[in-house]
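Coordinate inspection notes
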Amino acid sequence: MMSRVGVRSLIKPLRISSRAIQTIPQPPGYIVGTVNDAYVPPKPHKTHGSYHWVTEKVIAVGLVPLVVTPFVTGVSTPVLDSLLAGSLLIHCYAGFQSCIIDYIPLRVYGKFHHYAMYLLGLGTAFAGYGIYQIEKKEKDGLVGIIKRLWKA
């Protein structure tokens with residue numbers, strides 16, 4: 001039978017230190033200045049905000065016919081398959097980017113936000129190369145792989 005000290009020595013390495021990820025200290029309620037200071041809006045950026053949102057929605061709606069067409073008609077052309085794969089990659093990139101912006105904010109995590117964005121870009125580049133290899137080597141491309149997995 002293990003003593004109390006023995007159990008604690010087993011659990012101790014499993015603990016993750018709260019100092020592993022340093023955050024930037026925030027003022028209470030994230031109020032900068034006083035309540036009487038004028039609001040300073042962030043500088044507008046054309047790739048964020050409403051343009052970014054509209055682009056995400058257009059890509060999401062555009063994926064519907066690209067996904068349905070090859071499976072309903074039974075025909076997949078290389079152009080249609082490439083459009084599907086590229087649109088799906090852009091859709092995933094935009095979704096993960098939104099998650100990083102929401103859950104790893106720059107004002108709280110600083111450099112870790114930048115690291116996450118760099119990793120997202122690197123992962124997207126690797127995925128793009130993988131899509132290129134699939135389109136080049138597979139007979140029916142991405143749609144053919146999905147059809148074979150569906151029947152398996």
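The rules behind each value
- Residues numbered from 1 in each chain as written.
- Predicted model: local features only at pLDDT ≥ 70, side-chain atom pairs only at ≥ 80, totals over all residues.
- Heavy atoms only, no water.
- Axes fitted to C-alpha atoms, helices over the stretch in contact; angles between N-to-C directions.
- Helix = DSSP H or I, 4+ residues; strand = E, 2+ residues; numbered from the N terminus.
- Parallel < 35°, antiparallel > 145°, perpendicular 65-115°, else oblique.
- Contact = heavy atoms within 4.5 Å.
- Nonpolar A, V, L, I, M, F, W, Y, C, P; charged D, E, K, R; others polar.
- UniProt positions renumbered as here; feature names shortened; annotations may be inferred.
- Buried < 20%, exposed > 50% of the residue type's maximum accessible area, 1.4 Å probe, protein only.
- Expected span 1.5 Å × (residues − 1).
- Core = buried A, V, L, I, M, F, W, Y, C linked by side-chain atoms within 4.5 Å.

Considerations on the packing of helix H3 (residues 78–103) against helix H6 (residues 141–151)
With their axes 7 Å apart at the nearest point, H3 and H6 run at an angle of 80° to one another. In this view, H3 runs roughly perpendicular relative to H6, as classed from their interaxial angle. Residue-level contacts link Asp81, Leu84 and Ala85 of H3 to Gly141, Leu142 and Val143 of H6. Partitioning the contact of H3 with H6 into residue classes produces four nonpolar, one polar and one charged.

What to know about the UniProt feature "binding site: a ubiquinone" (unreviewed entry) in the protein
The UniProt entry lists Tyr103 under the feature "binding site: a ubiquinone" (unreviewed entry), expressed in the numbering used here. Take Tyr103: it is sitting in helix H3. Residue class for Tyr103 comes out exposed when judged on its relative accessible area of 65%.

Brief notes about the side chain of Gln97
Examined against the element boundaries, Gln97 turns out to sit in helix H3. By relative accessible area, Gln97 is classed as buried at 12%. Filtering out sequence-adjacent residues up to four positions away, Gln97 remains in contact with His52, Met117 and Leu120.

Focus: helix H5 (residues 111–137)
In a regular helix each residue adds 1.5 Å, so 27 residues correspond to 39 Å; H5 covers 39 Å between its end C-alpha atoms and thus fits that length. What H5 keeps buried is the set His113, Ala116, Leu120 and Gln133. In this fold, the buried residues of H5 make contact with H3 and helix H4 (106–109).

With respect to the nonpolar core
With seven residues, the main nonpolar core is built from Leu63, Leu66, Leu80, Leu84, Ala85, Leu142 and Val143. Elements that contribute at least two residues to this core include exactly helix H2 (50–73), H3 and H6. The greatest single-element share of this core, amounting to three residues, is contributed by H3. Filtering out sequence-adjacent residues up to four positions away, Leu63 remains in contact with Leu84, Ser87, Leu88 and His91.

Examining H2
Its 24 residues place the ends of H2 35 Å apart at the C-alpha level, agreeing with the 34 Å of an ideal helix rising 1.5 Å per residue. Listing the buried residues of H2 in full gives His52, Glu56, Ile59, Leu63, Leu66 and Pro70. Residues of H2 that are buried make contact with H3 and H6. Among the residues trailing H2, Gly74 stands out with phi positive, at a value near 80°.

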